[in-house]
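# Close look at the chain arrangement
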2 protein chains.
Amino acid sequence: MIDYNHPAVRYYQEVSEQCIHYLSIDGVIFGFHENQLKVLLLRWKNTTEWSLPGGFIRKAESVDVAAQRVVQERTGLDKLYLQQFHVFGEANRYDQADTWARTKLPIQTVKWSERTISIGYYALVEHSKVVPTPDFMTDECCWWPIDNVPSLLFDHNNIINVALGSLRKQIEDQPINHLLPETFTIPELQRLYETILGYPLDARNFYKKIVGSGALERLSERRAGTPHKAPYLYRFKAKHL
Amino acid sequence: MIDYNHPAVRYYQEVSEQCIHYLSIDGVIFGFHENQLKVLLLRWKNTTEWSLPGGFIRKAESVDVAAQRVVQERTGLDKLYLQQFHVFGEANRYDQADTWARTKLPIQTVKWSERTISIGYYALVEHSKVVPTPDFMTDECCWWPIDNVPSLLFDHNNIINVALGSLRKQIEDQPINHLLPETFTIPELQRLYETILGYPLDARNFYKKIVGSGALERLSERRAGTPHKAPYLYRFKAKHL
DNA sequence: ATACCTTTACGTCAAAAGTACGTAAAGAAG
DNA sequence: CTTCTTTACGTACTTTTGACGTAAAGGTAT
């Protein structure tokens, strides 16, 4: 017996009509705060179960635009750095019965197709500018440290791991400049690199490499209020943004 | 007025029922022959129009398996090196009217959805082992040199460019060993690298780098019948395959 | 056969990049 | 004013990369 007024039922009916079946988007939204790399997770209504934000692609909508929309709705940000990184297309990506039981939704209301292929995007956002916003399926939206993420619904732990691997690869090629505020200090950038890479770096060598790359410009101000010697502020040169 | 006996109509009816709508797979099959990097293309029936091999994903089939199937059917190979490299998801990826006109198929028979999102895979295959096989929509299947590909149907020229970019990135990280026969000489490997990268390499430095990496083992035989000094044969060590 | 040419299979050397570690100046705390 | 931590820069050594040298192998022209 289906409750046609249940918000999930209404949502999935709408999705069924307007969106592409069997296909979804999952977003790994990375932020950096208090020297930790974090991801934005959602807690499903009336449960203690968490998942990544996700959504569906409208029939006439570009996939990139759909990803933009999904991330924008959770963060409130409109200028986003988004990177498509992998398609998760296994016929049996995760234990469906288990997952739908954990969401505490009546299974027949949400199972709108037998399986879902998910396109993974990661976003790099400035932590302080984000307003974490749950959707109508979730009670809570907040940051979790990347190395302390709970056991998630679907195969979302795996998706986060693959996203982190892609991010680590990316950081070797080009400096990553969307996770910090516009101005920052070299030591702050070093903490970011260290948490993404997962190992410590030598401050002297990091300084040499990053300044030597020519991607940054030093401002005349220094960061005030630090307990020690005040570090200079830097910003990425325009062509590196 | 639709001709329900037209093979394209029958195929798309079957696809409509058994496969996932709006979603397809395109395969860029790379081979290496006569010092040239080549891709396998299909010529559509009764036309001079070419495209990449592609296909659809069955409702309960893993995406990787579907890609495997598509490439296998065109090449006859069953052990394939396949790499998913990008999703082409623009709402308006290509000029649909133009493309369907060029295929010389009655448009309403083949337009089974408004747009298609395509998952791009590239395959690295041993040229000599491939038996190029057209399908029921195409008259001809053959190799084209990568730098002399004609104007293709759909957005397939773009897909090839993105695939080549991904391959170039991959070759910087790890040696590529699926495009050559099991045994090969260092100069042959160098020609492969040169055609993938698109610029010449210094033979002395290439030798040093590739032998120094420890990925190869030298056999006692040399390549006979060369016009000059007979080069040693090498093969990839097991753990690099 | 022998001179000649091309290619292979190494080697040499210098520049550049990466890694380890030294240290003076700045700023806070006792 | 001493002590401690951190920044900002420096020095020295090692590894990697890039330019180029060369002897041996194998064919071709005479």
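Residues numbered from 1 in each chain as written. Chains lettered and ligands numbered in written order. Predicted model: local features only at pLDDT ≥ 70, side-chain atom pairs only at ≥ 80, totals over all residues. Heavy atoms only, no water.

If you check an unreviewed UniProt entry, chain A appears there as NUDIX hydrolase from Fibrella forsythiae.

### Considering the overall build of chain A
This is how it is decided: Put simply, DSSP H or I for four residues or longer makes a helix, DSSP E for two residues or longer makes a strand, and each gets a number counted from the N terminus. Burial classes follow relative accessibility: with a 1.4 Å probe on protein chains only, a residue under 20% of its type's maximum area counts as buried, one over 50% as exposed, and anything between as partly exposed. Two residues qualify as a contact provided that any one of their heavy atoms is within 4.5 Å of a heavy atom in the partner residue. Areas reported as accessible are Shrake-Rupley estimates using a 1.4 Å probe. Residue values count occlusion only from the protein chains shown.
Helix and strand counts for chain A come out as seven helices and nine strands. Projected onto its principal axes, the C-alpha positions of chain A cover 65 × 35 × 30 Å. When each of the 241 residues of chain A is scored for burial, the buried share is 50%. Long-range pairs, those at least 24 residues apart, make up 71% of the contacts in chain A with a sequence separation of at least 6. Split by element, the accessible area of chain A, about 12,000 Å² in all, is 49% carbon and sulfur.

### Re the packing of helix H5 (residues 156-173) of chain B against helix H6 (residues 186-197) of chain B
All names here are of chain B. Basically, it comes down to this: All axes here are fitted lines through C-alpha atoms, helices being fitted over the stretch that makes contact, and every angle between N-to-C directions spans 0 to 180 degrees. Roughly parallel covers angles under 35 degrees, roughly antiparallel covers those over 145, roughly perpendicular covers 65 to 115, and oblique covers all other angles. Two helices crossing with the near one rotated counterclockwise from the far one by less than a right angle form a left-handed crossing, whereas a clockwise rotation gives a right-handed crossing. Each residue gets one of three labels, nonpolar for Ala, Val, Leu, Ile, Met, Phe, Trp, Tyr, Cys and Pro, charged for Asp, Glu, Lys and Arg, and polar for the others, Gly among them.
Look at H5 against H6: their axes get within 9 Å of each other, and the N-to-C directions meet at 135°. By the criterion of interaxial angle, the relationship of H5 to H6 is oblique. Classified by chirality, the crossing of H6 by H5 is left-handed. Taking contact as the criterion, the partners of Leu164, Leu167, Arg168 and Ile171 in H5 are, on H6, Tyr193, Ile196 and Leu197. Of the residues assigned to the contact of H5 with H6, the class counts are six nonpolar, no polar and one charged.

### With respect to the relation of the copies chain A and chain B
Note the cut-off: C-alpha atoms of residues with pLDDT of at least 70 in both copies form the basis for the least-squares superposition of the copies.
Expressed as a screw transformation, the operator carrying chain A onto chain B has a rotation angle of 180° and an axial translation of 0.1 Å, and the superposed copies differ by an RMSD of 0.1 Å. On the angle and the small slide along the axis, the relation comes out as a two-fold axis. The residues that chain A uses at the interface reappear at the interface of chain B in 100% of cases, marking a shared surface.

### Describing the protein's contact with DNA strand D
Let me state the cut-off plainly: A molecule or strand has a residue near it when one of that residue's heavy atoms lies within 4 Å. In the analysis that follows, any N or O atom pair within 3.5 Å is treated as a polar contact, provided that within protein one partner can donate a hydrogen and the other can accept it, and provided that, for residues neighboring in sequence, both atoms belong to side chains.
The full set close to DNA strand D counts 18 residues, and Arg204, Tyr207 and Tyr232 of chain A together with Arg204 and Lys208 of chain B are the nearest of them. Lys229 of chain A has a polar side-chain atom sitting 3.2 Å from a base oxygen of DNA strand D. Contact between DNA strand D and His228 of chain B: a base nitrogen at 3.5 Å from a side-chain N or O atom of the residue. Those elements giving two or more residues to the surface near DNA strand D turn out to be helix H7 (203-212) of chain A together with helix H7 (203-212) of chain B. When its residues are assigned to classes, the surface near DNA strand D shows six nonpolar, four polar and eight charged.

### A word on the pattern of salt bridges
Residues and elements named next belong to chain A. We count it as follows: In the sections that follow, a salt bridge refers to a side-chain nitrogen of Lys or Arg positioned within 4 Å of a carboxyl oxygen of Asp or Glu.
In this structure the tally under the stated criterion is 32 salt bridges over all chains. Note that Arg102 is salt-bridged to Asp98, the shortest N-O span being 3.5 Å. Linking Arg102 with Asp98, this pair stays in helix H3 (residues 96-102), spanning four residues, or about one helical turn. Assessed through its relative accessible area of 35%, Asp98 is described here as partly exposed. Between Glu217 and Arg235 there is a salt bridge; the shortest N-O distance is 3.4 Å. Separated by 18 residues along the polypeptide, Glu217 in strand S8 (residues 216-222) and Arg235 in strand S9 (residues 232-236) bring together distant segments of the chain. The class for Glu217 is partly exposed, based on a relative accessible area of 32%. Three or more residues are tied together by salt bridges with common partners; here these are Asp26, Arg93 and Asp155.

### Thoughts on unusual backbone geometry
Where the residue is not glycine, phi is negative for most of them; where a peptide bond is considered, it is trans in most cases. Residue and element names in this part refer to chain B. Backbone geometry at Glu34 places phi at a positive 50°, although glycine is not the residue there. Position of Glu34 among the secondary structure elements: in the loop between strand S1 (23-33) and strand S2 (36-44). When its relative accessible area of 62% is taken as the criterion, Glu34 is described as exposed. The backbone phi angle of Lys104 is positive, close to 60°, even though this residue is not glycine. Lys104 gets classed as exposed once you look at its relative accessible area, which sits at 60%.

### Side note on the interface of chain A and chain B
Using the following cut-off: Buried area is a sum: the accessible area each of two parts loses on coming together, probed at 1.4 Å, counted once for each and added.
Listed as interface residues are 23 residues of chain A and, on the opposing side, 23 residues of chain B. Together chain A and chain B conceal approximately 1,700 Å² of surface at their shared face, both sides included; 54% is due to carbon and sulfur atoms. Area buried by chain A at its contact with chain B is led by Tyr22, Gln84 and Val87 of chain A, which between them contribute 25% of it. Here chain A is connected to chain B by two salt bridges. For the salt bridge of Lys169 of chain A with Asp173 of chain B, the shortest nitrogen-to-oxygen distance reads 3.2 Å. Counting across the interface, chain A meets chain B through 13 residue pairs in polar contact (both at pLDDT 80 or more). Secondary structure elements with two or more residues in the side of chain A that touches chain B: helix H2 (63-75), strand S5 (81-88), strand S6 (117-124) and helix H5 (156-173) of chain A. Broken down by element, the side of chain A that touches chain B gets its largest block of residues, three residues, from S5 of chain A. Looking at the side of chain A that touches chain B residue by residue, the classes come out as ten nonpolar, five polar and eight charged.

### Let's talk about the protein's contact with DNA strand C
Close to DNA strand C lie 19 residues; Arg204 and Lys208 of chain A together with Arg204, Tyr207 and Tyr232 of chain B are nearest. Here a base nitrogen of DNA strand C and a side-chain polar atom of Asp202 of chain A are 3.4 Å apart. A distance of 2.8 Å separates a base nitrogen of DNA strand C from a polar side-chain atom of Arg204 of chain A. Sorting the residues of the surface near DNA strand C by element identifies H7 of chain A together with H7 of chain B as the ones contributing at least two each. Taken together, the residues of the surface near DNA strand C break down into seven nonpolar, four polar and eight charged.

### Describing the domain arrangement of chain A
Residue and element names in this part refer to chain A. This is how the line gets drawn: Annotation comment: domain bounds sourced from an automatic or database domain assignment.
Split into domains, chain A comes out as domain 1 (7-172) and domain 2 (186-240). Contacts between the two partners involve eight residues from domain 1 and, on the opposite side, eight residues from domain 2. For the pair domain 1 and domain 2, the two sides together bury roughly 750 Å², of which 75% comes from carbon and sulfur. It is Phe32, Arg168 and Ile171 that lose the most area in domain 1 upon contact with domain 2, and together they represent 64% of the buried surface on that side. At the junction of domain 1 and domain 2, the tally comes to zero salt bridges. On the surface where domain 1 and domain 2 come into contact, there are one residue pair in polar contact (both at pLDDT 80 or more).

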